[in-house]
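Listed below are the residues making up each chain.
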Amino acid sequence: MNERKPVGQQNPIETAATRKRTGAKPAKLGRDVQARLGQQLRAMYDEVVNQGVPDRFSELLNRLDANGTSRDKP
Amino acid sequence: MAMDESVRKAILGAVPSLRAFAISLCGNVDRADDLVQETLLRALANIDSFQPGTNMSAWLFTILRNHFRSEYRKRRREVEDSDGHYAETLKTQPEQYGQVEYREFREALSQLPQDQREALVLVGASGFSYEEAANICGCAVGTIKSRVNRARTRLAELMHVNSAEDFGPDEQVRAVLASGE
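Residues numbered from 1 in each chain as written. Chains lettered and ligands numbered in written order. Predicted model: local features only at pLDDT ≥ 70, side-chain atom pairs only at ≥ 80, totals over all residues.

Tell me about the overall build of chain A, residues and numbers included.
A tally of helices and strands in chain A yields 3 helices and 0 strands. Along its sequence from the N terminus, chain A presents helices and strands in the succession α-α-α. Residues counted as buried form 19% of the 74 residues belonging to chain A. (Helix = DSSP H or I, 4+ residues; strand = E, 2+ residues; numbered from the N terminus. Buried ≥ 20, exposed ≤ 12 C-beta atoms within 10 Å, placed from the backbone.)

Following this line, the structure appears as structure tokens:
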């Protein structure tokens, strides 16, 4: 039921829709897609980074510091 | 003996990024924070093996990754949690992206094989070079490059994107197109 284009006559500008029909895999991701995936990844990551240092970690370092050495585990 | 102030600063400075990396590894904020805490304890207990002048952040990332590999990997990653607790903790969504797309991306990322996900995060988000990422993961530079490439390709497949126009708010249009075939 899927119509297939003859090999060699495929439209060089593929969309997701045509790719689904032909079942062809993208040879290489376009730079625009890579850039957008990168943006998404950094947005997700930076969301956490922007939360800064939670108190438990600065307190942990203070406690270890007060204990004198890091070998005294709390 | 007090902790060296520069060491303390370097460690605290790395914590936000360590947390982000840990969350991407285990998909759960509470477990990620425990992982970071255990990493810091290990790092301080072995601070003598840190070479001054080298990258403190990369050193901590290496400890965190190794610890995760040896301890946390035994417990299964809770994929279903990536939409619950994680989403709850991250209340503010980046406004420049659609929420649907953002959620789809997180889901797709959580489906990547561990090796690919960590390589992609280290290079694409943590800002490490391929060489640094290879050191952190204990593998060859070429291996990291290939993992990153496969991760990107797989993400695009999972999100059904083949061009930048496939992103965006027109989720319904895409759904209609997909169901009509």
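How would you explain the overall build of chain B if you had to name every residue and give the values?
Broken down by element type, chain B carries 9 helices and 0 strands. Put simply, chain B runs from its N terminus to its C terminus through helices and strands in the order α-α-α-α-α-α-α-α-α. Taken across its 181 residues, chain B has 35% of its residues classed as buried. Pairs at least 24 residues apart make up 66% of the contacts formed inside chain B by residues separated by at least 6 positions. (Contact = placed C-beta atoms within 7 Å.)

Mind laying out helix 5 (residues 99-111) of chain B, listing which residues take part and the relevant values?
Over its 13 residues, helix 5 of chain B runs 19 Å from end to end, which matches the ideal 18 Å to within 8%, given 1.5 Å per residue. Among the structural elements, helix 2 (31-49) of chain A together with helix 6 (114-124) and helix 8 (141-158) of chain B are those in contact with the buried residues of helix 5 of chain B. (Expected span 1.5 Å × (residues − 1).)

Tell me what's going on with the domain arrangement of chain B, and back it up with residues and numbers.
Residue and element names in this part refer to chain B. Split by domain assignment, chain B resolves into domain 1 (7-88) and domain 2 (95-181). Across the contact, 12 residues belong to domain 1 and 13 residues belong to domain 2. Looking at side-chain class alone, the side of domain 1 that touches domain 2 contains 5 nonpolar, 5 polar and 2 charged residues. (Domains from an automatic or database assignment. Nonpolar A, V, L, I, M, F, W, Y, C, P; charged D, E, K, R; others polar.)

Could you give me a rundown of the packing of helix 2 (residues 29-45) of chain B against helix 3 (residues 56-70) of chain B, with the residues and numbers involved?
Residues and elements named next belong to chain B. Taken N-terminus to C-terminus, the directions of helix 2 and helix 3 make an angle of 120°; their axes are 9 Å apart at the nearest point. Viewed along their axes, helix 2 and helix 3 adopt a mutual orientation that is oblique. The two elements helix 2 and helix 3 meet at a crossing, and its hand is right-handed. Between helix 2, through Leu35, Val36, Glu38, Thr39, Arg42 and Ala43, and helix 3, the contact on the second element is made entirely by Leu60, Ile63, Leu64, His67 and Phe68. Taken together, the residues of the contact of helix 2 with helix 3 sort by class into 7 nonpolar, 2 polar and 2 charged. (Axes fitted to C-alpha atoms, helices over the stretch in contact; angles between N-to-C directions. Parallel < 35°, antiparallel > 145°, perpendicular 65-115°, else oblique. Left-handed = near helix turned anticlockwise from the far one by under 90°.)

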